[in-house]
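This is what each chain is made of:
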Amino acid sequence: YGFCIGLNRKRNSNEFVIKETLSGTTGGGNATMGSESSNRPTIHSLDDLSPEELHPKATSHRYIVSPPSDLKPISLVTCETTVGYLHIVVHPSWAPLGAERFLNMVETKYFSSKVALMRCVKGFLCQFGIAGIPEYNKSYNGRKHSLQDDTNWLPEGPTHRTNELGVKRFSKGFLAYAGGGKNSRSNQFIVALKDNERLGGGSPWEVPWGELVGKESFATLDSIYTGYGEKGPSQGRLSREGSSDSIQKEFPRLDYILGCTLVDSR
């Protein structure tokens, strides 16, 4: 599955440290979050998570195989969206390069630019990552800024879409990059809206580097507007305009990431 990231292949957030942080931004028509919201996240540290959420293993209902053991520190990132909070455990042992880039984007406040959840297809996935301020994309443009592929830890090929228990390969809430060929990962991501048997089956950019945790995250995931599907704002337009007023008027129900914060790491 290629996700057409062609216009935004980039890299080194180290080279472009984002200093501005937007406050009080409002997103799509589903809800209004932001700094003035009375809503607060329910997960505040890694201590709030169960052992299974911290270091998951294959079970009868989730994970087609056990993910790689966590030999490197894991991190908890909380992203505020226009419909609630997404809590992400980042596992560098799953995909070291992919995890490192995402964490760098969090630390440089990239997601505070108001990132559109631009391609959300019901029952499939949601794609996001183009910055809401066009200038922020510059350090990711071009093939020279793309990441080398991480080794895929999911079993590949059509014979491994499900296991003997019926568990599908790419679990709901898994996060990976969108891409379009070998070594094509840049600044765009996908999150699975449902368990999926085809994702992660050989496309080198689809190796998961983290996953959503907690009931709050999955409630938020289920609340993201999917009505635009494949007909949301184009990547080219978002790259040129960012999260512009005209895009918000044309797509009033589009949801956004308003910011992501590194909450805990160990």
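A. Up close: the state of the cysteines. Summed over all chains, the structure comprises two disulfides. Note on cysteine connectivity: cysteine 79 is disulfide-linked to cysteine 260, with sulfurs 2.1 Å apart. Of note, the bridge from cysteine 79 to cysteine 260 carries an S-S torsion of about 105° and is right-handed in sense. Here the residue cysteine 79 occupies a position in strand β1 (residues 75-81), and cysteine 260 occupies one in strand β9 (residues 256-265), the gap between them amounting to 181 residues. The class of cysteine 79 is buried, set by a relative accessible area of 2%. Each disulfide pairs two cysteine sulfurs, and for cysteine 120 the partner residue is cysteine 126, the sulfurs being separated by 1.9 Å. For the protein chain, numbering the cysteines in disulfides from first to last along the sequence yields the connectivity 1-4, 2-3.

B. Focus on the packing of aromatic side chains. Summed over all chains, the structure comprises 17 aromatic pairs. One aromatic cluster is present, built from ring pairs that chain together Phe102, Tyr110, Phe111, Phe128, Tyr140, Tyr177, Phe189 and Trp209. Above the plane of the ring of tyrosine 63 lies arginine 62, whose end atom (NZ or CZ) is 5.1 Å from the centre. Positioned over the ring face of tyrosine 256 is lysine 114, at 4.7 Å from the centre of the ring.

C. Quick peek at the side chain of glutamine 188. You can see glutamine 188 is positioned in the loop between β6 (174-177) and β7 (189-192). A polar atom in the side chain of glutamine 188 sits 2.7 Å from the side chain of glutamine 127.

D. Local environment of the nonpolar core. Residues Val77, Ile88, Phe102, Phe111, Phe128 and Trp209 are the most contacted members of the largest nonpolar core, which totals 51 residues. Ranked by residue count, the leading element in this core is helix α2 (residues 96-107), at five residues. Grouped together as the second largest cluster of nonpolar side chains are ten residues, Ala116, Met118, Leu238 and Phe251 included.

E. Fine view of the layout of surface pockets. Approximately 210 Å³ is the volume attributed to the second largest pocket. Around the second largest pocket sit Glu52, Glu53, Pro56, Lys57, Thr59, His61, Arg62, Tyr63, Glu211, Leu212, Val213 and Phe218, which together line it. Its residues assigned to classes, the lining of the second largest pocket comprises five nonpolar, two polar and five charged.

So, how was this worked out
- Residues numbered from 1 in each chain as written.
- Predicted model: local features only at pLDDT ≥ 70, side-chain atom pairs only at ≥ 80, totals over all residues.
- Heavy atoms only, no water.
- Disulfide = S-S within 2.5 Å.
- Helix = DSSP H or I, 4+ residues; strand = E, 2+ residues; numbered from the N terminus.
- Buried < 20%, exposed > 50% of the residue type's maximum accessible area, 1.4 Å probe, protein only.
- Phe/Tyr/Trp six-rings, centres within 6.5 Å; stacked < 30°, edge-to-face > 60°.
- Lys NZ or Arg CZ within 6 Å of the ring centre and 35° of its normal.
- Polar contact = N/O pair within 3.5 Å; in protein donor to acceptor, adjacent residues only side chain to side chain.
- Core = buried A, V, L, I, M, F, W, Y, C linked by side-chain atoms within 4.5 Å.
- 1 Å grid on protein atoms, 1.4 Å probe; cavity = no way out; pocket = protein on both sides within 12 Å on 5 of 7 lines; lining within 4 Å.
- Points joined across faces, edges and corners; volume = space filled by probe spheres on them.
- Nonpolar A, V, L, I, M, F, W, Y, C, P; charged D, E, K, R; others polar.

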